[in-house]
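Given next are the chains, with one letter for each unit.
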Amino acid sequence: TVTGVSSGWLHVPKATLLIRTGVDSAQVIRAPHATKLIIKVVPHGLTVETFDSGVDISEYPEPHTVPGHDTIPMVMRHEHFDTQAPHTAAHKDQPALVHARAHTGGA
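An account of the accompanying structure is given in this report.

Reading the values: the criteria
- Residues numbered from 1 in each chain as written.
- Predicted model: local features only at pLDDT ≥ 70, side-chain atom pairs only at ≥ 80, totals over all residues.
- Heavy atoms only, no water.
- Salt bridge = Lys/Arg side-chain N within 4 Å of Asp/Glu carboxyl O.
- Helix = DSSP H or I, 4+ residues; strand = E, 2+ residues; numbered from the N terminus.
- Buried < 20%, exposed > 50% of the residue type's maximum accessible area, 1.4 Å probe, protein only.
- Core = buried A, V, L, I, M, F, W, Y, C linked by side-chain atoms within 4.5 Å.
- Contact = heavy atoms within 4.5 Å.
- Polar contact = N/O pair within 3.5 Å; in protein donor to acceptor, adjacent residues only side chain to side chain.
- Pairing = 2+ DSSP bridges.

Let's shift gears to the pattern of salt bridges. Here the structure, examined in full by the defined rule, presents three salt bridges. The salt bridge partner of D56 is K14, with a shortest N-O separation of 2.9 Å. One end of the pair, D56, is in strand 5 (residues 56-59); the other, K14, is in strand 1 (residues 14-22), and 42 residues separate them in sequence. Accessibility expressed as a relative area gives 26% for K14, which makes it partly exposed. Measuring nitrogen to oxygen at the nearest pair gives 3.4 Å for the salt bridge that ties E49 to K40. You can call E49 partly exposed: its relative accessible area is 29%. Residue classification places K40 among the partly exposed residues on the basis of a relative accessible area of 41%.

Further remarks concern the nonpolar core. Among the nonpolar cores identified, the biggest contains six residues, and these are L17, I19, I29, A31, V48 and V55. Those elements giving two or more residues to this core turn out to be strand 1 and strand 2 (25-32).

A negative phi angle is the norm for most residues apart from glycine, just as the trans form is the norm for most peptide bonds. Backbone geometry places A34, a non-glycine residue, at a positive phi of 70°. With respect to the element layout, A34 can be found in the loop between strand 2 and strand 3 (38-42). Classification of A34 as exposed rests on a relative accessible area of 66%.

Positionally, D24 belongs in the loop between strand 1 and strand 2. Taking C-alpha positions, D24 is 8.7 Å from E62, a pair spaced 38 residues apart along the chain. With near-sequence residues (within four places) excluded, D24 lies in contact with P63 and H64. In this structure the side chain of D24 is engaged in a polar contact, spanning 2.7 Å, whose partner is the side chain of H64.

Now for the pairing of strand 2. Across eight bridges, the pairing between strand 1 and strand 2 is antiparallel. Counterpart to L17 in the pairing with strand 2 is I29. Between strand 1 and the antiparallel strand that follows it, strand 2, lie two residues. Bridge count between strand 2 and strand 5: four bridges; the pairing is antiparallel.

That is the geometry; function is a separate question.
Listed below in structure tokens is the structure:
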């Protein structure tokens, strides 16, 4: 499935996406216009790939603050994105972030 993402900022050269990729991981993706990202279901969450240049992918330091959708392989192992590590509970009072969620299209 191909889905477009609108950045909303006229003078920012890259769109920023924050994607929960696993129970204990999230990634920040900064991508220029017309970048194609490939998001795949893997046994413990999602993986993000691209063959385009100019894309920056880095680990997000507080993955438990990012919402996510459980994948079927995760559910079968009783793993859930809503599981929070004890050390992140103190961050609930911080302002909410705007997130782009990866959608697996039911796969």
